[in-house]
Amino acid sequence: MTEYSVIEDPIEFQAASRLLAAGTGPVAVDVERASGFRYSQRAYLVQVFRRGAGVFLFDPPAIGDFAPLQEAIGDIEWVFHAASQDLPSLRELELEPATIFDTELASRLLGHERVGLAAVVEDTIGIALKKEHSAADWSTRPLPDAWLDYAALDVLHLVDVRDVIASELEEQGKTEFAAQEFAATLAQPPRPPREDPWRRLSGLHQVKGARGLAVAKSLWEAREEFAQQQDTSPGRLVPDRSLVAAVLANPQSKQALAGLQAFNGRASRSQLDRWWDAIVRGRHAPAVPRERGHSDALPPARAWSDRNPEADARLKLARPVVEAHAEELGMPTENLLKPDTLRRLAWTPPELTTDAIGAALADLGARPWQIEQTAQKIVDAFVEAGQSADQPAASES
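Residues numbered from 1 in each chain as written. Predicted model: local features only at pLDDT ≥ 70, side-chain atom pairs only at ≥ 80, totals over all residues. Heavy atoms only, no water.

Caption draft 1: Summary view of the overall build of the chain. In terms of helices and strands, the chain carries 20 helices and 6 strands. Residues counted as buried form 46% of the 397 residues belonging to the chain. A total of about 20200 Å² of accessible surface is found on the chain, and carbon and sulfur atoms cover 49% of it. The positive charge centre, built from 42 side chains, and the negative charge centre, built from 59, are 10 Å apart in the chain. (Helix = DSSP H or I, 4+ residues; strand = E, 2+ residues; numbered from the N terminus. Buried < 20%, exposed > 50% of the residue type's maximum accessible area, 1.4 Å probe, protein only. Areas by Shrake-Rupley, 256 points an atom, 1.4 Å probe, with all protein chains shown as cover. Lys, Arg positive; Asp, Glu negative; His and termini not counted. Charge placed at Lys NZ, Arg CZ, Asp CG, Glu CD.)

This is the structure we're talking about:
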């Protein structure tokens, strides 16, 4: 029998919030969702730990109003492991930290080889966690005792881990790096809606022609609408491969669609009218999608030597310089500077001065510490690339 229980009653919730307010130090916070089972990314369990108060497991659908918890802990530091995954679900509950400490992100800055929660807990404080329920359906009620133990352990040791990692950051001179990264994570705005999200259908590359894409789009939209109504993960209703198979098979009747073996999934037959109507709509849509979606992605680096040789030279000199500096700092290159940021800078650089490169890096989302660590090195590499490009012309004259 577990020592933990889920708090559903508003009176118990208010009492727990008062206990947390009376605790000491930062609070560890975690969220369990039902990704892969439900359409939404809502929180189905919120775990909170604070020294002097203990671990509390809250049931968001039952509690509803989390204002007492926000009032109790809103102005103190919240400790997360991979905060960017949990903040959106917490904000749906109007739970918003003033400051955060992210043990996963900090572990990356410190150059830890393993940054999963279980690995970080073990490497810092020597406690082994079992992670067997990470992919569970947390909308299940009642939640099994083993799941509650698992959920509690996700926060029980996190403040101790935070203290060890904070010391490591101080030792490596990275406390300010981490503070800026945490602030950027907290300030990160919600992702804008993806343009043409239906184009993410797995296997869509097999569909040829604009009319086929129109049918695929219509099927995706029908599945999305039904999934949202049922609060069920779309792929659990009809998998991507089944939607694409229906497009490729081009059935000429509802019966032919029903007889298509590759068109399967738990809602493939019970909602047959829905899918057939979507196919018909796609076939008769007055406007068809572009065969290629809009993208601001740069060309693949392998094509740069032909399409933009100057940019290719800049990237080939700057990339190893940034990689080498990341190694000196003891962190992955992508945490020092995102590879896409460097590519965009190399493709269309500003004036080759430290201030101009720094401003361009800031526009691309780089933090001040990243700019301080990389701007001059990038300028030097870009200048060298330009000089190297001029040398053959000079020798020929």
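Next, the rest of the story.
Caption draft 2: Representation of the nonpolar core. Grouped together as the largest cluster of nonpolar side chains are 88 residues, with contacts concentrated most on Phe58, Leu69, Ile73, Trp78, Trp138, Leu361 and Ile378. A total of 7 residues in this core trace back to one element, the largest contributor, which is helix α20 (residues 368-396). When neighbours within four sequence positions are excluded, Leu69 is seen to be in contact with Phe13, Ser17, Leu20, Val48, Phe58, Gly74 and Leu95. Counting residues in each nonpolar core, the second largest holds 27 residues, with Phe226, Ala246, Trp275 and Ile279 among its members. (Core = buried A, V, L, I, M, F, W, Y, C linked by side-chain atoms within 4.5 Å. Contact = heavy atoms within 4.5 Å.)

Caption draft 3: Molecular detail of the pairing of strand β5 (residues 77-80). Pairing between strand β2 (residues 24-32) and β5: 2 bridges, direction parallel. Residue pairing for β5: Val27 is matched across the bridge by Trp78. Taken together, β5, helix α4 (residues 83-92) and strand β6 (residues 99-102) form a β-α-β motif whose crossover is right-handed. (Pairing = 2+ DSSP bridges. Right-handed = clockwise from strand over helix to strand, strands pointing away.)

Caption draft 4: Looking closely at the sheet that holds β6. Pairing is mixed in the open sheet, where 6 strands are placed in the order β1-β4-β3-β2-β5-β6. Edge positions in the sheet fall to β1 (6-7) and β6, since each of these pairs with one other strand and no more. Pairing geometry for β2 and strand β3 (residues 45-51), over 7 bridges, is antiparallel. Its bridge partner lying in β3, Glu32 is registered against Leu45. Contacts from helix α8 (residues 158-171) reach β2, β3, β5 and β6 within the one sheet, and its direction differs from that of β2 by about 110°. (Axes fitted to C-alpha atoms, helices over the stretch in contact; angles between N-to-C directions.)

Caption draft 5: Summary view of the UniProt feature "domain: HRDC" (unreviewed entry) in the chain. Mapped onto the present numbering, the UniProt feature "domain: HRDC" (unreviewed entry) falls at residues 209-289. Within residues 209-289, the helical portion is 65% and the strand portion 0%, while the C-alpha atoms at the span's ends are 9 Å from each other. (UniProt positions renumbered as here; feature names shortened; annotations may be inferred.)

Caption draft 6: Here's a closer look at helix α6 (residues 117-125). For α6, the complete set of buried residues consists of Leu117, Ala118, Ala119, Val120, Val121 and Thr124. Tucked inside the fold, the buried residues of α6 contact α5 (103-109), α7 (145-156) and α8. Backbone geometry just downstream of α6 places Gly126 in the positive-phi region, at approximately 75°.

Caption draft 7: Local environment of the pairing of strand β4 (residues 54-58). With 4 of its 5 residues buried, β4 lies for the most part within the structure. Note: β1 against β4, 2 bridges, orientation parallel. Bridge pairing in β4 places Val6 opposite Leu57. Bridge count between β3 and β4: 5 bridges; the pairing is antiparallel. Its bridge partner being in β4, Gln47 is matched across the sheet by Leu57. Hairpin remark: β3 followed by β4, antiparallel, with 2 residues in the connecting loop; positive phi at Gly52, about 85°.

Caption draft 8: Structural context of the packing of aromatic side chains. Counted according to the given criterion, the structure contains 10 aromatic pairs. Note on Phe177 and Trp369: the rings are 4.3 Å apart at their centroids and 20° apart in plane angle, and the pair reads as stacked. With Phe177 in helix α9 (residues 175-187) and Trp369 in helix α20, this residue pair connects regions lying 192 residues apart in the sequence. Since its relative accessible area comes to 1%, Trp369 is described here as buried. (Phe/Tyr/Trp six-rings, centres within 6.5 Å; stacked < 30°, edge-to-face > 60°.)

Caption draft 9: Layout of the environment of Ala356. For Ala356, the location among the structural elements is in helix α19 (residues 354-363). A sequence separation of 210 residues divides Ala356 from Ala146, and the C-alpha atoms of the two residues are 55 Å apart. Residues in contact with Ala356, not counting those within four places in the same chain, are Pro350 and Glu351.

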